[in-house]
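Below are the chains, spelled out letter by letter.
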Amino acid sequence: MSIRLGELLVVQGVITPEQRDKILELQRASQRPFGVIAEEQLGIAPSAIEQAWTIQYAMIAPRIDPSEHEIPAQVLELVTKRQAWQFGFVPVSMDEEEITLVASRETLARSLRFVNWRLHGLCTFAICDLKTLERGLDTHYPFPGADIDLVDRFGRNKPAGRSCFKCVQTARRAGI
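Residues numbered from 1 in each chain as written. Predicted model: local features only at pLDDT ≥ 70, side-chain atom pairs only at ≥ 80, totals over all residues. Heavy atoms only, no water.

A.B. asks: Give me the sheet that holds strand S2 (residues 98–104): which residues, what numbers.
C.D. replies: Judged by pairing direction, the sheet is mixed, and its three strands sit side by side in the order S1-S2-S3 without closing on themselves. Of all the strands in the sheet, just strand S1 (89–94) and strand S3 (122–128) have a single pairing partner and so form its edges. The mean angle between the axes of side-by-side strands here comes to 30°, regardless of whether they run parallel or antiparallel. Both S1 and S2 contribute to a ladder of five bridges, which runs antiparallel. Each bridged residue has a counterpart across the sheet, and for Ser-93 the counterpart in S2 is Thr-100. Against the sheet, helix H7 (residues 108–118) makes contact with S1, S2 and S3, and its axis sits at roughly 160° relative to S3, the strand it touches most. (Pairing = 2+ DSSP bridges. Helix = DSSP H or I, 4+ residues; strand = E, 2+ residues; numbered from the N terminus. Axes fitted to C-alpha atoms, helices over the stretch in contact; angles between N-to-C directions. Contact = heavy atoms within 4.5 Å.)

This is the structure we're talking about:
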């Protein structure tokens, strides 16, 4: 089950239900993304939109444990050890059409920014929890002294926090 971006922003207290409805009205008329309209019309911070989007994406993305995959060398060579740890993801497969990567909810936004800049072609993300990501990074990109705290230090630029997870749980209980 997924929750709509506008609902997440309401549950998080970023916008009111009335503001959400107004944005939806504008979206129907313009066919523009909800987040873009929220930023332009209400001055909502892009980081708030990104945080809500990250939660939304994590709810619908497939779950993969990267440490349980045998990953071809050519896939692992798409990024360096430092890049994998810094941006918090593991590429797990690649074919002619797309590259599949695994990130945690906490690292998804910065992983996506890096991938858009560095990798060419269609990329899709699967999700795992932070400890599973650390195991995957240890397995495929061993880096002496690196641990999940390193990923956290790299990501101190407002990753989707645990308090937002509580928002999702509240929304689910409310049937939103």
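A.B. asks: A description of the packing of aromatic side chains should follow, citing residues and the corresponding values.
C.D. replies: For any pair of aromatic rings, geometry is given as the distance between the ring centres together with the angle between the planes. All told, the structure shown has four aromatic pairs when counted by the stated rule. With centroids separated by 5.3 Å and ring planes inclined at 35°, the aromatic side chains of Trp-53 and Tyr-57 adopt a geometry described as tilted. Linking Trp-53 with Tyr-57, this pair stays in helix H4 (residues 46–60), spanning four residues, or about one helical turn. The class of Tyr-57 is partly exposed, set by a relative accessible area of 22%. Ring geometry for Phe-87 versus Phe-114: centroids 4.4 Å apart, planes at 20°, classification stacked. You can see Phe-87 sitting in helix H6 (residues 81–87) and its partner Phe-114 sitting in helix H7, a full 27 residues away along the chain. By relative accessible area, Phe-114 is classed as buried at 3%. A connected cluster of aromatic rings, assembled from ring pairs, spans Phe-87, Phe-89, Phe-114 and Trp-117. (Phe/Tyr/Trp six-rings, centres within 6.5 Å; stacked < 30°, edge-to-face > 60°. Buried < 20%, exposed > 50% of the residue type's maximum accessible area, 1.4 Å probe, protein only.)

A.B. asks: Talk me through unusual backbone geometry; I want residue IDs and the actual numbers.
C.D. replies: The phi dihedral of Gln-31 is positive, around 60°, even though this residue is not glycine. Accessibility expressed as a relative area gives 67% for Gln-31, which makes it exposed.

A.B. asks: Kindly report on the packing of helix H2 (residues 17–30) against helix H3 (residues 34–42), identifying the contributing residues and their values.
C.D. replies: In contact at an axis separation of 10 Å, H2 and H3 are set at 115° when each is read in the N-to-C sense. Where H2 crosses over H3, the two elements pack in a sense that is right-handed. Residues Gln-19, Arg-20, Ile-23, Leu-24, Leu-26, Gln-27 and Ser-30 of H2 pack against Phe-34, Ile-37, Ala-38, Gln-41 and Leu-42 of H3. Class assignment of the residues belonging to the contact of H2 with H3 gives a composition of seven nonpolar, four polar and one charged. (Left-handed = near helix turned anticlockwise from the far one by under 90°. Nonpolar A, V, L, I, M, F, W, Y, C, P; charged D, E, K, R; others polar.)

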